[in-house]
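Residue-level listing of the chains:
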Amino acid sequence: MSARGEMKKTACVTGGNGYIASALIKMLLEKGYAVKTTVRNPDDRAKNSHLKDLQELGPLEVFRADLDDEGSFDDAIAGCDYAFLVAAPVNLASENPEKELIELGVQGTLNVMRSCVKAGTVKRIILTASSSGRICKATGTSWTRSPGPTFCSEIPNVPVLKQNADGSRASQAYPVSKVLLEEASRFAAEHGISLVTVLPVVTVGAAPARQIHTSVPGCLSLLSGDEAAFGALRAMDASGVVALVHVDDLCRAEVFVAEERRRTRRQYTVNTSLLTGDLLEKLRVRLSSAMLVREGFEYKYKTLDGMYDDMIDYGKALGILPN
């Protein structure tokens, strides 16, 4: 119960030892939510130590769950009002990205959504996808559909990833997996679930998690001198620009769309048969948050200086930058 005697809302955040998920958990607790989160190994103190610290902010339960284990999210989702799907497989060294990243990512998301259906209490699912997936889908430069059989009856054929110059393919699999995660919308429609997909750009800013393998090292690479991390940063400019969002604004946006009483919008199908000749070759990607802003959301961090205010100290805490 809250101070006003109101029942606290309960939210589940999957992948609680991740960068974005840890910041989201902190924000939800500060807003008075009861929070459940999932990790693959609750006994891993190195990855989960920040969760113990977050438990001092409010009611936070940690559950063991794995994306490839159907039903493992049932206990964490049970009784929740909202489910924030943040967990995703990220292994850029994978030798079989189609199976280990794409298939696992999609199947894992569907597994969590099945738990939401079982719970019967979830008012809305908020799926954290990625603008990299949208760029990949729009430009068509990173993958092509395979004519072979599907790996499950609910999603399209596994894309065949083109090799990078060094022969690797996994770096492309992550955005592709995010594209396919949007297939969850079909599952949501079939089961009458309210689903909102958030497509964040490159995310910066400090978060409670202390083991980070996402955008933070790349965004600090010009200060750290890490050439590998800088290479990852350069790979983020597929749209011609490295667009940034502060993790605090991203989490605020996720909570905003969870609580928002959304207006019904008509959906239209784009007739791509009209796009012939050089029109597709001249296709450009535009990343816009206009829809979110129209609904009343306001960004707190609007300048590069503001976004990087807490990045230096965070980089020192992570060991990316020297003290």
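For the structure itself, look to the data block above.
About the thresholds
Residues numbered from 1 in each chain as written. Predicted model: local features only at pLDDT ≥ 70, side-chain atom pairs only at ≥ 80, totals over all residues. Heavy atoms only, no water. Helix = DSSP H or I, 4+ residues; strand = E, 2+ residues; numbered from the N terminus. Contact = heavy atoms within 4.5 Å. Areas by Shrake-Rupley, 256 points an atom, 1.4 Å probe, with all protein chains shown as cover. Buried < 20%, exposed > 50% of the residue type's maximum accessible area, 1.4 Å probe, protein only. Core = buried A, V, L, I, M, F, W, Y, C linked by side-chain atoms within 4.5 Å. Pairing = 2+ DSSP bridges. Right-handed = clockwise from strand over helix to strand, strands pointing away. Axes fitted to C-alpha atoms, helices over the stretch in contact; angles between N-to-C directions. Salt bridge = Lys/Arg side-chain N within 4 Å of Asp/Glu carboxyl O. Left-handed = near helix turned anticlockwise from the far one by under 90°. Nonpolar A, V, L, I, M, F, W, Y, C, P; charged D, E, K, R; others polar.

## Considering the overall build of the chain
For step 1, the next point in the chain: Within the chain, the regular secondary structure consists of 14 helices and 10 strands.
For step 2, the next point in the chain: For the chain, long-range pairs separated by at least 24 residues make up 75% of all intrachain contacts whose partners lie at least 6 apart in sequence.
For step 3, the next point in the chain: Taken as a whole, the chain presents about 17,400 Å² of accessible surface, with 50% of it coming from carbon and sulfur.

## Brief notes about the environment of Gly-32
For step 1, the next point in the chain: With respect to the helices and strands, Gly-32 occurs in the loop between helix 1 (19–30) and strand 2 (34–39).
For step 2, the next point in the chain: Classification of Gly-32 as partly exposed rests on a relative accessible area of 32%.
For step 3, the next point in the chain: The sequence separation of Gly-32 and Thr-10 amounts to 22 residues, and the corresponding C-alpha distance is 9.2 Å.

## Thoughts on the nonpolar core
For step 1, the next point in the chain: Core analysis: the biggest nonpolar cluster contains 47 residues, and Val-13, Leu-28 and Phe-84 have the highest contact counts within it.
For step 2, the next point in the chain: Non-local contacts of Leu-28, meaning those with residues more than four positions away in its chain, are made with Ala-11, Val-13, Tyr-33, Val-35, Phe-84 and Val-255.
For step 3, the next point in the chain: The next biggest cluster of nonpolar side chains, apart from the first, holds 23 residues, and it includes Ile-77, Val-106, Val-122 and Ala-188.

## A word on the pairing of strand 3 (residues 60–64)
For step 1, the next point in the chain: The pairing of strand 2 with strand 3 spans 5 bridges and is classified as parallel. From the neighbouring strand, Thr-37 faces strand 3, where its bridge partner is Val-62.
For step 2, the next point in the chain: Handedness of the crossover is the feature at issue here: the chain leaves strand 2, passes through helix 2 (residues 45–54), returns alongside strand 3, and the resulting connection is right-handed.

## Observations regarding the sheet that holds strand 3
For step 1, the next point in the chain: Across the sheet, 6 strands lie side by side as 3-2-1-4-5-8; this open sheet has parallel pairing. One side of each edge strand has no neighbouring strand; the edge strands of this open sheet are strand 3 and strand 8 (195–198). Each strand axis lies, on average, 20° off the axis of its neighbour in the sheet, ignoring direction.
For step 2, the next point in the chain: Summarising the sheet, strand 5 (residues 124–128) and strand 8 pair through 4 bridges and their orientation is parallel. By the bridge assignment for strand 8, Thr-128 is matched with Val-198.
For step 3, the next point in the chain: Across the sheet, helix 1 is in contact with strand 1 (10–14), strand 2, strand 3 and strand 4 (82–85); its angle to strand 1 comes to roughly 170°.
For step 4, the next point in the chain: Where helix 11 (residues 247–259) meets the sheet, its contacts fall on strand 4, strand 5 and strand 8, and the angle it forms with strand 5 comes to roughly 155°.

## Side note on the pattern of salt bridges
For step 1, the next point in the chain: In total, this model carries 7 salt bridges according to the counting rule given.
For step 2, the next point in the chain: Put simply, Arg-40 and Asp-66 hold a salt bridge, and the shortest N to O gap is 3.5 Å. Taken together, the positions of Arg-40 in the loop between strand 2 and helix 2 and Asp-66 in the loop between strand 3 and helix 3 (74–77) put the pair 26 residues apart, joining distant regions of the chain.
For step 3, the next point in the chain: By relative accessible area, which is 63% here, Arg-40 ends up exposed.

## A closer look at the packing of helix 1 against helix 11
Angle between the axes and distance between the axes: these two values describe a pair of packed helices.
For step 1, the next point in the chain: Packing of helix 1 against helix 11 brings their axes to within 9 Å, and their N-to-C directions diverge by 60°. Judged by the twist between their axes, the crossing of helix 1 over helix 11 is right-handed. From helix 1, Tyr-19, Ile-20, Ala-23, Leu-24, Met-27 and Leu-28 reach across to helix 11, where they touch Val-247, Asp-248, Leu-250, Cys-251, Arg-252, Glu-254 and Val-255.
For step 2, the next point in the chain: By residue class, the composition of the contact of helix 1 with helix 11 is 10 nonpolar, no polar and 3 charged.

## Notes on the pairing of strand 4
For step 1, the next point in the chain: The side-chain alternation of strand 4 yields two buried faces, one formed by Tyr-82 and Phe-84 and the other by Ala-83 and Leu-85.
For step 2, the next point in the chain: Across 3 bridges, the pairing between strand 1 and strand 4 is parallel. Paired with Cys-12 across the two strands is Ala-83, which belongs to strand 4.
For step 3, the next point in the chain: Where strand 4 lies against strand 5, 4 bridges are found, and the strand directions are parallel. Bridge pairing in strand 5 places Leu-85 opposite Leu-127.

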